[in-house]
Amino acid sequence: MGIRDRLSRLLAEAAVDAEAIEYEGEWWTWGQVRRTARHLVETLDAAGLKTGARIGVVLENRPEHVAVVAAVIASGRCLVMLSPLQPAARLTADLTACELPVVVSGPEPLRREGVLAAVTAHGAALELGTDGTLRPAGGTAPADAPATPDTAVEMLTSGTTGPPKRVRLRLGQLDQALVSGGQSPKSERLLSPSAALVSAPLVHIGGLWRALACLATGRRMLLMPRFAVEPWVSAVERHRLKAASLVPAAIRAVLDAGVPRERLAGLQVVTSGTAPCPPELADAFLRTYGVPVLMTYGATEFAGAVAGWTLPLHRRWWRRKAGSAGRAFDGVELRVTGEDGGELPVGRTGRLEVRTEQSSRGAAAWTRTSDLARIDADRFVWIEGRADDAIIRGGFKVQPETVQRVLETHPAVREAAVAGLPDARLGQVPVAAVEIEPHRPAPDTAELVLLCRTRLMPYEVPAHLVVVDALPRTPSSKVSRVELLALVREHLGPKEEQR
């Protein structure tokens, strides 16, 4: 049963008093979810918006928003996800570009300057209350709104390396991503007494996938408005969760907080995605809590992960393969190709390509990613950077990850990030920022530059280096290279930047 049929059954048949979503200590029942979903579908039907109609949702981590997501997908319409985390000007530009017939939003985003006008210029705004009620907020849905029947979800990428772009996901991609991730119902039973935690933003693929996984398996959803250590630990402890997910930055936060081992005693595994997890960080979590960290590799374009570690793989291979992104999941093929598109031999680094039903091109075609990788003789994939992140400095190619790894060998550096700053003479120059370990004295930038000079080619040494308390991050906890460049420019000043 695919996710659309599964959602339709849940909205029609789940017991009205059954617990559906826990949010800030309160439970939403399936009866509440159903009322919100039904009201939305009736409103869309009355507006003449049929199968395939594009429905915008300014998507927040709240139970009423989950109900709206379920209603849109179950009714065969296209969910167009809009980030509430965007500043007003960017949200307005996104709405203008999308030209949506209906946009559903909580009250706060609609009050921002220009947002409501951008919605009503093309369609109708529906204000979603925290109790799940919907009310008209202005505008009229056009009777001839175009439809995209082949698209289930339109969503933004995380915008780590530049402006976010829209990705269209087919229903089959969502279904296969859930199957590949082991999130198929284990029986015909509609609801499960188990629970699963969703702490990532729903507006990003990690959060959406985990929410859909809860719904697909009938588990109760423990929804957090955002990740924070104590609420996350409390949920794991209270519900004695066996599995949970943490991005690398959150793994560090749990370790730094000194959470007692007994509070995570029921936890058997942590999965980690969105950004590479350093093996030493995974080992620290394993030593502290006895819980293995299973890395995954994926992308928004694949509706989730296409490769990763499993517990059996971890038990057998971790000591020899630490740092790998794992193996391809069932139904996924991986290969590495050179600049001419030809497949490279085992162990050679090139562009990673994926063939899977999770791709927008389907299982018949290879999709070329922006990631540089190698695949070893045991079929483990090693991500070694991004082809589109390469910095071309006067004709010499610099991989940011190469510089990052050297900076992170300094004992006071917790994490480093590197990006290319435009340069009038050389095209680009590498610049870096480093985040310092708590309770450690900050190193002098000259000391870090000297470290780079001893470990890197001359053209790989950062032209500018900034020491910060915390690196700028996207909502999905990746380092934002856009904000990193802004931070470096701020430290440089206009005259030094032009030099």
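This section reports on the structure supplied with the text. (Residues numbered from 1 in each chain as written. Predicted model: local features only at pLDDT ≥ 70, side-chain atom pairs only at ≥ 80, totals over all residues. Heavy atoms only, no water.)

### Thoughts on empty space enclosed by the protein
- Taken as a whole and judged by the stated rule, the model has two cavities of 30 Å³ or more.
- If you add up the space inside the largest cavity, you get close to 40 Å³.
- In terms of lining residues, the largest cavity is bounded by Leu 59, Val 66, Val 69, Leu 202, Leu 208 and Ala 211.
- At the level of elements, helix 3 (63–74) and helix 8 (205–217) are the ones that each hand at least two residues to the lining of the largest cavity.
- Residue composition of the lining of the largest cavity, by class: six nonpolar, no polar and no charged.
- Here the second largest cavity is characterised by a volume of approximately 30 Å³.
- In terms of lining residues, the second largest cavity is bounded by Ala 20, Ile 21, Trp 30, Cys 214, Leu 215, Arg 219 and Met 221.
- Secondary structure elements with two or more residues in the lining of the second largest cavity: strand 1 (19–23) and helix 8.
- Each residue belonging to the lining of the second largest cavity can be placed in one class, and the counts come to six nonpolar, no polar and one charged. (1 Å grid on protein atoms, 1.4 Å probe; cavity = no way out; pocket = protein on both sides within 12 Å on 5 of 7 lines; lining within 4 Å. Points joined across faces, edges and corners; volume = space filled by probe spheres on them. Helix = DSSP H or I, 4+ residues; strand = E, 2+ residues; numbered from the N terminus. Nonpolar A, V, L, I, M, F, W, Y, C, P; charged D, E, K, R; others polar.)

### Details of the sheet that holds strand 20 (residues 381–386)
- Spatially, 17-18-19-20 is the arrangement adopted by the four strands of the open sheet, whose pairing is antiparallel. Taken across any chain shown, the strands that pair with only one partner, and hence form the sheet edges, are strand 17 (332–337) and strand 20. Neighbour-to-neighbour, the strand axes of the sheet open up by a mean angle of 50 degrees, direction not taken into account.
- Strand direction decides the pairing type here: strand 17 and strand 18 (residues 350–356), joined by six bridges, are antiparallel. By the bridge assignment for strand 18, Arg 335 is matched with Glu 353. (Pairing = 2+ DSSP bridges. Axes fitted to C-alpha atoms, helices over the stretch in contact; angles between N-to-C directions.)

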